[in-house]
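# Topology and contacts: notes
Residue strings, one per chain:
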Amino acid sequence: MTLGPLMIDIGGVELDSEDREVLRHPLVGGVILFARNFESPEQLERLVSEIHDLRTPPLLVATDHEGGRVQRFNTGFTRLPSAQQIGRRHDVDPRQAERLARHCGWVMAAELRAVGVDFSFAPVIDLDWGMSEVVGDRAFHRNPQIVGSLANAFMVGMRKAGMVATGKHFPGHGAVAADSHEELPIDRRSYADIAEDMQPYERLIAAGLPGVMVAHVLFPEVDDLPASFSRHWLQEELRERLDFRGVIFSDDLNMGALAAQGSMSDRCAGTLDAGCDMLPICNNRAGVMEVLDALHDFSSPVSQIRLVRMHGRAMPAWDELRATPQWQKSMNLVTGIHEATRLQLDA
């Protein structure tokens, strides 16, 4: 069985009969997990193992576990600093900040791989224009060179821990105030101005970035469709100009930003036509069922090749991980930035 283009969610901490049936559908290729799917590292490992055992090749299992305020699993997992905290350290000590980013990427990926999760949608490489609350402290910095440097270090750490990286949100979500979960953000800048937001992608793609998530943002000076539906952004910019050869993920197709893009099956058809390889649909099982019926004969051999490369590599089990020298070294750095931040707040 091949990996289909849909990435869907589940309702709780274990699979029910409907979950198992839907996850076996050939159009499904992945599962995205949220905080509601987590009770403990042991429970999470059992859940991921059951998902992987449903299919061959195994379904991809992903989550959003960036650090800071976007960290789906907490109890038992290391509390990671936000990207902004790392960026502020760069203003004081660039070499230390890059080292910290690398170790944070390693800790995040190593812990998730220890329980079987294939990858996290990280790092965020939007620029911090000081406008977007939904991005906010998830961004490393305003300077694209610094963002590229820290995101690359984070990606290197992830890779060392057996996990591939996914940069988001292409071509940039940081210069709009609207939250795409609720409405369609409109960025009225010219292409020349938007090009600055794409500079970190140029660096990471040259370094082998395996995945990119595309923003539900409209750039009317460039195209009349949101980036996730735009052949200009996905084909001419991402595939051709930037020479990206990895997986293109749309952002969640159930977001309010896409209210004008039709039914869920219309949205899937539009993003697939634009060039997306995998389409997350979250918190809308009825929409998933609609798409499974509408796209019953869809197939993309090229996407198949790209998607199988997103599977995680083997890493030490949960208890073994904490006995490694790398673990202690990384913990000292991560704990250190939390302590430094607390002292700054107390000063």
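For the structure itself, consult the block above.
All values derive from a computational prediction rather than experimental measurement.

### Considerations on the overall build of the chain
- Broken down by element type, the chain carries twelve helices and ten strands.
- The C-alpha radius of gyration of the chain comes to 19 Å, within 12% of the 20 Å expected for a compact globule of 347 residues.
- Each principal axis of the C-alpha atoms in the chain carries an extent, and together these give about 55 × 50 × 35 Å.
- With 347 residues in all, the chain has 58% of them scored as buried.
- Contacts spanning at least 24 positions in sequence make up 78% of the contacts within the chain whose residues lie at least 6 apart.
- Accessible surface, the chain: about 13,900 Å² in total, of which carbon and sulfur atoms supply 49%.
- With 34 positive and 49 negative side-chain charges, the chain shows a separation of 8 Å between the mean positions of the two kinds.

### Re the sheet that holds strand 8 (residues 211-214)
- Across the sheet, three strands lie side by side as 7-8-9; this open sheet has parallel pairing. The open sheet has two edge strands with one neighbour each: strand 7 (166-170) and strand 9 (247-250). Looking at each pair of strands side by side, their axes are set apart by 25 degrees on average, direction ignored.
- As paired strands, strand 8 and strand 9 are joined by four bridges and run parallel to one another. Across the sheet, residue Val214 finds its bridge partner in strand 9, namely Ser250.
- Here helix 6 (residues 191-206) sits on the sheet in contact with strand 7 and strand 8, set at roughly 160 degrees to strand 7.

### Some remarks on the sheet that holds strand 10 (residues 279-281)
- What the five strands build is an open sheet, ordered 6-3-2-1-10; its pairing is parallel. In the strand order of this sheet, the two ends are held by strand 6 (119-120) and strand 10, each with one partner.
- Relative to strand 2 (residues 28-33), strand 1 (residues 6-8) runs parallel, the two being bridged by three bridges. Bridging from a neighbouring strand, Met7 pairs with Gly30 of strand 2.

### Quick notes on the nonpolar core
- Counting 107 residues, the largest nonpolar core has Leu33, Ile51, Phe119 and Leu238 as its most contacted members.
- Sorting elements by how many residues they give to this core places helix 4 (residues 94-114) first, with eleven residues.
- Those residues in contact with Ile51 that sit more than four places away from it in its chain are Ile10, Leu15, Val31, Leu33, Leu59 and Val61.

### Overview of the pattern of salt bridges
- Tallied over the entire structure, the rule returns 18 salt bridges.
- With its nearest N and O atoms 2.9 Å apart, the salt bridge here joins Arg285 to Asp19. Remark: Asp19 occurs in helix 1 (residues 17-23) and Arg285 occurs in helix 9 (residues 285-294); sequence separation between them is 266 residues. One exposure class covers both Arg285 and Asp19, and it is buried.

### Quick word on the packing of aromatic side chains
- What the rule picks out here adds up to twelve aromatic pairs.
- Measuring from ring centre to ring centre gives 5.7 Å for Phe73 and Phe77, while their planes differ by 45 degrees; the resulting arrangement is tilted.
- Residue classification places Phe73 among the buried residues on the basis of a relative accessible area of 0%.
- Under the relative-accessibility criterion, Phe77 is labelled buried at 7%.
- Across the ring face of Trp129, the terminal group of Arg142 is positioned such that the distance to the ring centre comes to 3.6 Å.
- Directly above the aromatic system of Trp318 lies the positively charged group of Arg322, at a separation of 3.9 Å from the ring centroid.

### Brief notes about the side chain of Asp9
- Relative to the assigned elements, Asp9 resides in the loop between strand 1 and helix 1.
- A polar contact is formed between the side chain of Asp9 and the side chain of Arg36, at a distance of 2.6 Å.
- Polar contacts involving the side chain of Asp9 include one to the main-chain amide nitrogen of Asn283, which spans 2.7 Å.
- Look past the residues within four positions of Asp9 in its chain and what remains in contact with it is Ile32, Phe34, Arg36, Ile281, Cys282, Asn283 and Arg285.

Rules used in this analysis
- Residues numbered from 1 in each chain as written.
- Predicted model: local features only at pLDDT ≥ 70, side-chain atom pairs only at ≥ 80, totals over all residues.
- Heavy atoms only, no water.
- Helix = DSSP H or I, 4+ residues; strand = E, 2+ residues; numbered from the N terminus.
- Rg over C-alpha atoms; globule rule 2.2 N^0.38 Å.
- Buried < 20%, exposed > 50% of the residue type's maximum accessible area, 1.4 Å probe, protein only.
- Contact = heavy atoms within 4.5 Å.
- Areas by Shrake-Rupley, 256 points an atom, 1.4 Å probe, with all protein chains shown as cover.
- Lys, Arg positive; Asp, Glu negative; His and termini not counted.
- Charge placed at Lys NZ, Arg CZ, Asp CG, Glu CD.
- Pairing = 2+ DSSP bridges.
- Axes fitted to C-alpha atoms, helices over the stretch in contact; angles between N-to-C directions.
- Core = buried A, V, L, I, M, F, W, Y, C linked by side-chain atoms within 4.5 Å.
- Salt bridge = Lys/Arg side-chain N within 4 Å of Asp/Glu carboxyl O.
- Phe/Tyr/Trp six-rings, centres within 6.5 Å; stacked < 30°, edge-to-face > 60°.
- Lys NZ or Arg CZ within 6 Å of the ring centre and 35° of its normal.
- Polar contact = N/O pair within 3.5 Å; in protein donor to acceptor, adjacent residues only side chain to side chain.

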